[in-house]
There are 2 protein chains.
Amino acid sequence: MSRTLLLTLRYDGSRYHGWQVQQNAVTVQEVFQNALGDLLGTRPDLKACSRTDTGVHADMFCISFETDSRIPCGQFPQALNMRLPRDIAVYGCREVEEGFHARYHCLGKRYVYQILNTKQRNPFYEGRALHYRYPLDEKMLHQAAQQYVGQHNFSGFCSYKSTVEDTVRTVSHCSVERKGDLVTFSVQADGFLYNMVRIMVGTLLRIAQGKFRPDCIPVILEKGDRALAGPTAPAEGLYLSRVLYAFDPLEEQRVTNNFKERE
Amino acid sequence: MSRTLLLTLRYDGSRYHGWQVQQNAVTVQEVFQNALGDLLGTRPDLKACSRTDTGVHADMFCISFETDSRIPCGQFPQALNMRLPRDIAVYGCREVEEGFHARYHCLGKRYVYQILNTKQRNPFYEGRALHYRYPLDEKMLHQAAQQYVGQHNFSGFCSYKSTVEDTVRTVSHCSVERKGDLVTFSVQADGFLYNMVRIMVGTLLRIAQGKFRPDCIPVILEKGDRALAGPTAPAEGLYLSRVLYAFDPLEEQRVTNNFKERE
């Protein structure tokens, strides 16, 4: 009997050309499919919550697939982690309704962008944060970032490469916080356009540098012109940090129970 | 005119066979000497605060040397970081008295040992913490760790390979704390024996497992028998985190002033 499973994993994206399988480049999806194929003996069709770009990390990333395997949910993480390289690890598995799709049923996502704000670089943040040498006023940036909150047409914050037609998104939370030398930008929305978070960060950095006015964001949103926004911030600081569904993807207990009831 | 300088750096030790130069193995010292030699055009004799073992990290590591170079202290970190690989970075430089020796004048050190206490491994702590799957009671371990505090003969917590004769050390602080999934053991002392921190941690883990009694530490200290203590915990969780002198090695302002006064 077939089940639909939802796996939750994290990965350090430094070594990968993003999530989605590509010709001539190693991606997280390819490595993950090989591990799952090795465990199951078949290669199920994977539905992922999102794509990530080259060098972008995920602290939470969800994948759904259908399988005839009878391996209990509680055993999936360990069985897959034995087959995965050290920069990818599964930490959750639960059963979901038939027909569930990790992307179509996703209600929203949160991204985090980490900036190491020190004069000299720090080996422990190498590839894991943007190194920014000049003083950052996190309170001023937090104020400016509030202008992103709400339902807006984000076409000014979308890569030219994108072909998406509907560029309206709703940002429900946006913040800039400092803990010691680490300045963190967080943003939650019902969906994101291509490079949206990195252009939002690039624009805030232009404001920090005094090159853009702190009230420039509503103008860029209104004009919808990518050329008015800041540059795309580097991938290394970006983390997909939360994937929101109508239920908790990490609620393992219920999953295990469901499975036991079936047996 | 010659000056004695004290540099402060940090490094991710994963790729290195410890600090000290060895035949047929890459060490931090070798890589650092090459960078400094390239900057100065000569290879000064380096006095390091300590040695670290293969895979051990340093969040603070101090090196003193004598030089005729007229490069201002404030310029050393950046000039060296341009010449160092991404897993080593200098963040402080100050002038010290002639004859100063980074090891002989060190008053004490603090080490930190990081344990990631989760069921599944986490890519972001790979090589940076010990992964420990089973529950850890940090409050009980903190209590047990207080038995390390004071002046004791630590020969039971010293590798058999050591040839040091005086094995009495004074531990001034010892703690076990949890922040989320991360359990941190910290210990400060006037000096440390070979593998001392890693054996202290290995012993605490035996207590956590119920294999050793929580009050075993005074017995091991008294008998001075390495065979009674726990195993040497893996290198990857260990960080040299503080090096104590009679002054602040990071007090840059005074250094710059001193140098300017001389000029």
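Residues numbered from 1 in each chain as written. Chains lettered and ligands numbered in written order. Predicted model: local features only at pLDDT ≥ 70, side-chain atom pairs only at ≥ 80, totals over all residues. Heavy atoms only, no water.

For chain A, the name recorded in an unreviewed UniProt entry is tRNA pseudouridine synthase A, with Solibaculum mannosilyticum as its organism. In UniProt, chain A has this text filed under Subunit (unreviewed entry): "Homodimer." According to UniProt, the comment filed for chain A under the heading Catalytic activity (unreviewed entry) is "uridine(38/39/40) in tRNA = pseudouridine(38/39/40) in tRNA". (UniProt positions renumbered as here; feature names shortened; annotations may be inferred.)

A.B. asks: When you look at the interface of chain B and chain A in this model, what are you seeing that I'm missing?
C.D. replies: Many authors give the size of an interface as the accessible area that is lost as the parts come together. Listed as interface residues are 26 residues of chain B and, on the opposing side, 27 residues of chain A. At the boundary of chain B with chain A, total buried surface from both sides reaches about 2200 Å², with 47% on carbon and sulfur atoms. Looking at the side of chain B facing chain A, the largest losses of area belong to B:Arg86, B:Arg121 and B:Phe124, adding up to 34% of the total buried there. Taken together, chain B and chain A are joined by 2 salt bridges. Ionic pairing is found between B:Glu126 and A:Arg86, a salt bridge with its closest N-O pair at 2.4 Å. Counting across the interface, chain B meets chain A through 18 residue pairs in polar contact (both at pLDDT 80 or more). Contributing elements (two or more residues each) for the side of chain B that touches chain A: strand E1 (3-11), strand E3 (57-67), helix H2 (76-81) and strand E4 (88-96) of chain B. At 4 residues, E4(B) tops the list of elements feeding residues into the side of chain B that touches chain A. (Contact = heavy atoms within 4.5 Å. Buried area = accessible area lost by both parts, 1.4 Å probe. Salt bridge = Lys/Arg side-chain N within 4 Å of Asp/Glu carboxyl O. Polar contact = N/O pair within 3.5 Å; in protein donor to acceptor, adjacent residues only side chain to side chain. Helix = DSSP H or I, 4+ residues; strand = E, 2+ residues; numbered from the N terminus.)

A.B. asks: Would you take a moment to explain the domain arrangement of chain A for this structure?
C.D. replies: All names here are of chain A. Split by domain assignment, chain A resolves into domain 1 (3-105) and domain 2 (108-241). Placing the centre of domain 1 and that of domain 2 at their C-alpha centroids yields a distance of 27 Å. Listed as interface residues are 14 residues of domain 1 and, on the opposing side, 13 residues of domain 2. Both faces considered, domain 1 and domain 2 share a buried interface measuring about 960 Å² in area, 49% of it formed by carbon and sulfur atoms. When the area that domain 1 buries against domain 2 is broken down by residue, the three leading residues are Asp53, Val56 and His57, summing to 48%. Our enumeration of links across domain 1 and domain 2 arrives at 2 salt bridges. Among the salt bridges present, the one from aspartate 12 reaches arginine 128, with a minimum N-O distance of 2.9 Å. Summed over the shared surface of domain 1 and domain 2, the result is 9 residue pairs in polar contact (both at pLDDT 80 or more). Among the residues making up the side of domain 1 that touches domain 2, the classes are represented as 5 nonpolar, 5 polar and 4 charged. (Domains from an automatic or database assignment. Nonpolar A, V, L, I, M, F, W, Y, C, P; charged D, E, K, R; others polar.)

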